[in-house]
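Chain by chain, the residues run as shown.
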Amino acid sequence: MPIVGLGTFRVENNDDCKASVKHAIESGYRHIDTAMIYENEDKVGEGIAEGLASTGLKRSDLFITSKLWLADYGRNNVAAAYETSLNKLKLEYLDLYLMHWPGTDEALMIDTWQGMEDLYKDDKVKNIGVSNFNIEHLEALLAQVSIKPVINQVEFHPYLVQASLRRYLEVQNIHMESWSPLMNAQILDDDTVKAIAQEVNKSPAQVIIRWNIEHGVVVIPKSVTPSRIEENLNIFDFSLSEDHIEKLDNLDENRRIGPDPAAFNGH
Ligand SMILES: NC(=O)c1ccc[n+]([C@@H]2O[C@H](COP(=O)([O-])OP(=O)(O)OC[C@H]3O[C@@H](n4cnc5c(N)ncnc54)[C@H](OP(=O)(O)O)[C@@H]3O)[C@@H](O)[C@H]2O)c1
């Protein structure tokens, strides 16, 4: 799984969406993250097709993720929702399919995961994972199911460093992936982030994306701006020192911009 991918939340289902996905592939991205609830799988799919055509890459060179929304939870609903996403994306398979949120009904969460397992056992999807799961959700899941999620995609940025969840995932051998890594651009104005950016001669966004990589976290910054799409992938020619990482870690305020996973049920 490429450690950097393109996020597509809050990107409207129009030609700009298509163009940004195509531009990302042409710029070297091999990993795109979308979801049924973003309502842009059609144009993301067109961008993928155009990006493949213009670069000569194969479908198997890309890693594509989408997510099952809460309204489609329940073991018997998963396969149909997956097919709908595939049809919109015009793809034969996904590299990763995620349960988007745990929801507030544990029995339904487990039942839904069993539907994800069915997809995997039927060879319809390469990998299955979860998103927004706390330790408690994962403990309940792991106690009752046979296939472990490969990844947990959660909100992660220097104001929400998720230290205990990160330790837990490491012990469980479940990868972590961060959403809203730039805190939807809010973290880019932080003085510490800006000072480190100056020191390493990179932009604040590049510092944050690199900080994810230093922590071994898969990261999916979203941009529809061509120059930023390129900038956000241009992070493999520098590293952060222990001191930089510690300073960024110490910005933690346990502050979320998204909903609390323990309470969110889609409304
Ligand atoms: N699993 C979940 O529940 C969940 C929840 C939220 C998000 N996600 C995923 O995570 C992805 C990323 O999160 P996000 O979209 O919320 O926010 P984000 O990536 O933290 O931030 C995106 C914002 O930062 C701006 N930006 C991007 N690169 C920049 C740069 N180099 N310099 C300055 N500004 C820059 C973008 O502007 P422009 O686009 O205008 O350039 C946009 O306003 C999503 O797109 C989605 O794929 C998942």
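Computed from a predicted structure; not experimentally measured. (Residues numbered from 1 in each chain as written. Predicted model: local features only at pLDDT ≥ 70, side-chain atom pairs only at ≥ 80, totals over all residues. Heavy atoms only, no water.)

1. Description of the layout of surface pockets
Next up, step 1: Approximately 700 Å³ is the volume attributed to the largest pocket.
Next up, step 2: As for the largest pocket, its lining consists of 37 residues, and the residues nearest its centre are Phe9, Arg10, Ser180, Asn184 and Lys222.
Next up, step 3: Mapped onto the lining of the largest pocket, the elements with two or more residues apiece are helix H8 (204-214) and helix H9 (226-233).
Next up, step 4: Broken down by element, the lining of the largest pocket gets its largest block of residues, three residues, from H9. (1 Å grid on protein atoms, 1.4 Å probe; cavity = no way out; pocket = protein on both sides within 12 Å on 5 of 7 lines; lining within 4 Å. Points joined across faces, edges and corners; volume = space filled by probe spheres on them. Helix = DSSP H or I, 4+ residues; strand = E, 2+ residues; numbered from the N terminus.)

2. Describing helix H7 (residues 191-200)
Next up, step 1: Every buried residue of H7 is listed here: Val193, Ile196, Ala197 and Val200. Each buried residue of H7 lies within a common arc of 105° when the element is viewed along its axis, so the set occupies one face. Of the residues in H7, the exposed ones pointing more than 90 degrees away from the buried face are Asp191, Gln198 and Glu199.
Next up, step 2: At its buried positions, H7 is contacted by H8 and helix H10 (242-249).
Next up, step 3: For H7, the N-terminal capping position is held by Asp190, with its side-chain oxygen 2.8 Å away from the main-chain nitrogen of Thr192.
Next up, step 4: Backbone geometry just downstream of H7 places Asn201 in the positive-phi region, at approximately 60°. (Buried < 20%, exposed > 50% of the residue type's maximum accessible area, 1.4 Å probe, protein only. Arc of directions from axis to C-beta. Contact = heavy atoms within 4.5 Å. Polar contact = N/O pair within 3.5 Å; in protein donor to acceptor, adjacent residues only side chain to side chain.)

3. A few points about the pairing of strand E5 (residues 128-131)
Next up, step 1: Residues Ile128 and Val130 of E5 are buried on one face, and the alternating residues Gly129 and Ser131, pointing to the opposite face, are buried as well.
Next up, step 2: Bridging between strand E4 (residues 96-99) and E5 involves three bridges; their strand directions are parallel. Bridging across to E5, Met99 finds its partner in Val130.
Next up, step 3: For the handedness criterion, the β-α-β arrangement of E4, helix H4 (residues 106-121) and E5 is classed as right-handed.
Next up, step 4: Across two bridges, E5 lies against strand E6 (residues 151-155) in parallel orientation. (Pairing = 2+ DSSP bridges. Right-handed = clockwise from strand over helix to strand, strands pointing away.)

4. Examining the site of the ligand
Next up, step 1: With respect to spatial proximity, 30 residues lie near the ligand, and among them Asp33, Ser180, Lys222, Ser223 and Thr225 are the closest.
Next up, step 2: Within the side chain of Ser131, one N or O atom sits 2.8 Å away from a nitrogen atom of the ligand.
Next up, step 3: Residue Trp179 places a side-chain N or O atom 3.4 Å away from an oxygen atom belonging to the ligand.
Next up, step 4: A total of 910 Å² of accessible area belongs to the ligand in isolation, and the protein chains cover 90% of it.
Next up, step 5: Among the cavities detected, the one that contains the ligand is the largest pocket.
Next up, step 6: Here the element with the most residues in the shell around the ligand is H9; it accounts for three residues. (Near = heavy atom within 4 Å. Areas by Shrake-Rupley, 256 points an atom, 1.4 Å probe, with all protein chains shown as cover. Sits in = over half its atoms within 2 Å of the grid points.)

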